[in-house]
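Okay, here's what each chain looks like letter by letter:
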Amino acid sequence: MDIAAVNALPYEDFVDVLGNVVEKCPIITAAVWSGRPFLSLAALEAAISEFIDALPESGKEGILRCHPDLAGRDLQSGSLTRESHEEQAGSGMGALNSEEASLMARLNQEYKERFEFPFVICARMHDKENILRQLFARCQNERAVERARGIEEVKKICHLRLQSLVLPDNRL
Ligand SMILES: NC(=O)NC1=NC(=O)NC1=O
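Residues numbered from 1 in each chain as written. Predicted model: local features only at pLDDT ≥ 70, side-chain atom pairs only at ≥ 80, totals over all residues. Heavy atoms only, no water.

A. Region of interest: the confidence of the model for the protein chain. On average, residues of the protein chain carry a pLDDT of 96, and 99% of them reach 70 or more. Reported confidence for the predicted complex is 0.98 by ipTM and 0.97 by pTM. (pLDDT = per-residue confidence, 0-100.)

Here it is as structure tokens:
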């Protein structure tokens, strides 16, 4: 599907196709629909990014809270969204040994207790070793730093999910 086809989608189809580019936050897609027609995929992505940036801190933290833990309960129970499952499996979250799994669970819990939102990282850009390193390091940050960092990671996840749904802009 190219950007022209995206622009032609009625609201329901637009949200059906693009509603999970930010994990479990179809409201973002529903909100940017009124910004069509988008001149490019980059413009659609910018509209999503601007909507997120304009949210109050509570809204940004709400987006982070919509993300399932890496190697967490949803992965174990098979209740991840398709996109999230592919991302987590691709980064080796489904193939942790028992030591890695318990370290991941402990650090995720520690992170969540400290910040009141989960650790979010664009799993497709990292392997399991690097995810563990990042989680350990980021636990030491301040809340505002991690809120901003988590949102940056949400935007990277969104970028990759959009790329898998919409053909890249024609290079002029
Ligand atoms: N807590 C997370 O970072 N979750 C995730 N990152 C991804 O890239 N996919 C996820 O489900």
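Additional details are given in the paragraphs that follow.
B. Representation of the layout of surface pockets in the model. In this structure, the largest pocket occupies an estimated 170 Å³ of space. In this structure, the largest pocket is lined by 14 residues; those nearest its centre are R82, E83, R161, S164 and L165. Listed by contribution, the elements that provide at least two residues to the lining of the largest pocket are α2 (11-18) and α7 (82-90). With four residues, the top contributor of residues to the lining of the largest pocket is α7. In terms of residue class, the lining of the largest pocket is made up of four nonpolar, three polar and seven charged. (1 Å grid on protein atoms, 1.4 Å probe; cavity = no way out; pocket = protein on both sides within 12 Å on 5 of 7 lines; lining within 4 Å. Points joined across faces, edges and corners; volume = space filled by probe spheres on them. Helix = DSSP H or I, 4+ residues; strand = E, 2+ residues; numbered from the N terminus. Nonpolar A, V, L, I, M, F, W, Y, C, P; charged D, E, K, R; others polar.)

C. Structural context of the site of the ligand. Taken together, P68, L70, S84, E87, Q88, F119, V120, I121, C122, A123 and I157 are the residues near the ligand. S84 is positioned with one of its side-chain polar atoms (N or O) 2.4 Å from an oxygen atom of the ligand. Within the backbone of F119, one N or O atom sits 2.9 Å away from a nitrogen atom of the ligand. When atom positions are compared with the pocket grids, the ligand is found to occupy the largest cavity. Sort the elements by how many residues they give to the shell around the ligand and α7 lands first, with three residues. Here the shell around the ligand is built from residues that sort into eight nonpolar, two polar and one charged. (Near = heavy atom within 4 Å. Polar contact = N/O pair within 3.5 Å; in protein donor to acceptor, adjacent residues only side chain to side chain. Sits in = over half its atoms within 2 Å of the grid points.)

D. A look at the pattern of salt bridges. Scanning all chains against the criterion turns up 17 salt bridges. We note a salt bridge from E61 to R147, for which the minimum N-O separation is 3.0 Å. In this pair, E61 sits in helix α5 (residues 57-65) while R147 sits in helix α10 (residues 143-163), placing the two residues 86 residues apart along the sequence. For R147, a relative accessible area of 10% gives the class buried. Among the charged side chains, a network of salt bridges with common partners joins E57, E61, R65, E116, R143 and R147. (Salt bridge = Lys/Arg side-chain N within 4 Å of Asp/Glu carboxyl O. Buried < 20%, exposed > 50% of the residue type's maximum accessible area, 1.4 Å probe, protein only.)

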